[in-house]
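Residues per chain are reported as follows:
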Amino acid sequence: MEKNAFYTDTAGAVPVIRSTLITVPHGFSTRAGGVSTLPHLASLNLGFDLGDGTENVLENRKRFFSAALGRENPAEKAVYATQIHSDTVIVCGKNDLGRNDLRLDGFVTDEPGVPLFVRTADCCPLLFSDPVRRVIGACHAGWRGTVAGIAAKTVEKMCALGAEPEEIRCVIGPCIHVCCYEVGDNFVKAVREAVSPDLADLTLVRWEDGRYHADLTALNRRILLDAGLKEEHIGVCPECTASDPVRFFSHRASKGKRGLCGGVIMLEED
């Protein structure tokens, strides 16, 4: 198996996608293994306010956390936020478990027993770990957060806790890939105004029909390299959410009527 290979772990209550690059408890969800019954949410919807019952979402989160982290973990024992497509990243700890007032898109911590949780339905979920200095991070990177450099800002916050860029591992979980991410003129204009020409050229790929597609995984990978991560410490899951809406929730494939997948990471307690 390749050093940064992704694989599906089916040993727990629900399937969990993991990377061999990250050695602390972590994982990304699929749609499988939950209790939600509405067609657009079936079955492991991890997001509130999408038409699902609160009890369903809490049970789904409990199942996913328990499978991904390898221990019983109730839904309120995690750090999460209302994600606003920002580049805001905070340092957090046990005092932040279960808070419902955070509005941002990234977290870092050096405290064991603090799961960091992000939700996606095409956007990039990024999980970070410095295994030497025991610092972790997680961020939600849609196109706005990506071009604003939230990946680099997560690295910066980790380094403030003692992490070293050359030791940090980062994996980008299931998300929409360039094959399915066709974008219009307004998107192209916004990206060209937000990043340098070379990064814009990396992100905006001209398709054979003359239309542009966006490659967020390539841009996030380049941002991570520029932030000091080693190439061999960056993993990109090959799964495209929009290509496989049966396995993953996809905003684009479902035209906005969908649930949410998630990514979670935690330092083990002694």
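Predicted model only: the values in this text are computed from it and were never measured.

Draft legend 1. Spotlight on the side chain of Arg 258. Examined against the element boundaries, Arg 258 turns out to sit in the loop between strand E13 (234–236) and strand E14 (261–265). Notably, Arg 258 is buried but unbridged: the nearest opposite-charge side chain belongs to Asp 122, and the N-O separation is 7.0 Å. Engagement of the side chain of Arg 258 in a polar contact is seen with the side chain of His 251, the distance being 3.2 Å. If sequence neighbours within four positions are ignored, Arg 258 has contacts with His 40, Leu 41, Leu 50, Ala 121, Phe 249, Ser 250 and His 251.

Draft legend 2. Quick look at helix H3 (residues 150–160). Every buried residue belonging to H3 is among Ile 150, Ala 151, Thr 154, Val 155 and Met 158, and all of these are buried. Each buried residue of H3 sits inside an arc of 150° when the element is viewed along its axis, so together they form one side. Looking at H3, the residues exposed on the side facing more than 90 degrees away from the buried face are Glu 156 and Ala 160. On its buried face, H3 sits against strand E4 (89–91), strand E5 (106–109), strand E7 (124–130), strand E8 (135–141), helix H2 (143–147) and helix H6 (216–226). One or two positions beyond H3, positive phi appears at Gly 162, with a value near 110°.

Draft legend 3. Quick look at the packing of H3 against H6. At a minimum axis separation of 8 Å, H3 and H6 run at an interaxial angle of 35°. Crossing geometry of H3 relative to H6 is assigned as right-handed. Only Asn 220, Ile 223 and Leu 224 of H6 make contact with H3, whose side of the interface consists of Ala 151, Ala 152 and Val 155. Here the residues of the contact of H3 with H6 sort into five nonpolar, one polar and no charged.

Draft legend 4. A look at the state of the cysteines. Applying the stated criterion to the full structure yields zero disulfides. You can see Cys 170 has no disulfide; the closest cysteine sulfur is in Cys 139, sitting 6.8 Å from it. Cys 180 takes part in no disulfide bond, and the closest cysteine sulfur to it belongs to Cys 179, at a distance of 3.7 Å. Relative accessible area serves as the criterion here: at 23%, Cys 180 is assigned to the partly exposed category.

Draft legend 5. Spotlight on the sheet that holds strand E6 (residues 116–120). Taken in spatial order, the five strands of this open sheet run E1-E2-E3-E14-E6, and their pairing is antiparallel. With one partner strand each, in any of the chains shown, strand E1 (6–9) and E6 form the two edges of the open sheet. Ignoring strand direction, the axes of neighbouring strands in this sheet form an average angle of 25°. Here helix H1 (residues 54–69) sits on the sheet in contact with strand E2 (16–19), strand E3 (26–29), E6 and E14, set at roughly 45° to E14.

Draft legend 6. The arrangement of the pairing of E2 in detail. The two faces of E2 match: Val 16 and Arg 18 on one face and Ile 17 and Ser 19 on the other face are all buried. Pairing analysis gives four bridges linking E1 to E2, with the strands arranged antiparallel. From the neighbouring strand, Thr 8 faces E2, where its bridge partner is Ile 17. With antiparallel pairing between neighbouring strands as the criterion, E1 and E2 make up a hairpin whose turn holds six residues. Sheet topology places E2 next to E3; two bridges connect them, and they run antiparallel. Considered in E3, the bridge of Val 16 is made with Ser 29. A loop of six residues connects E2 with E3, the two strands running antiparallel in sequence.

Conventions adopted
Residues numbered from 1 in each chain as written. Predicted model: local features only at pLDDT ≥ 70, side-chain atom pairs only at ≥ 80, totals over all residues. Heavy atoms only, no water. Helix = DSSP H or I, 4+ residues; strand = E, 2+ residues; numbered from the N terminus. Buried < 20%, exposed > 50% of the residue type's maximum accessible area, 1.4 Å probe, protein only. Lys, Arg positive; Asp, Glu negative; His and termini not counted. Salt bridge = Lys/Arg side-chain N within 4 Å of Asp/Glu carboxyl O. Polar contact = N/O pair within 3.5 Å; in protein donor to acceptor, adjacent residues only side chain to side chain. Contact = heavy atoms within 4.5 Å. Arc of directions from axis to C-beta. Axes fitted to C-alpha atoms, helices over the stretch in contact; angles between N-to-C directions. Left-handed = near helix turned anticlockwise from the far one by under 90°. Nonpolar A, V, L, I, M, F, W, Y, C, P; charged D, E, K, R; others polar. Disulfide = S-S within 2.5 Å. Pairing = 2+ DSSP bridges.

Coordinates in, geometry out; function isn't part of it.
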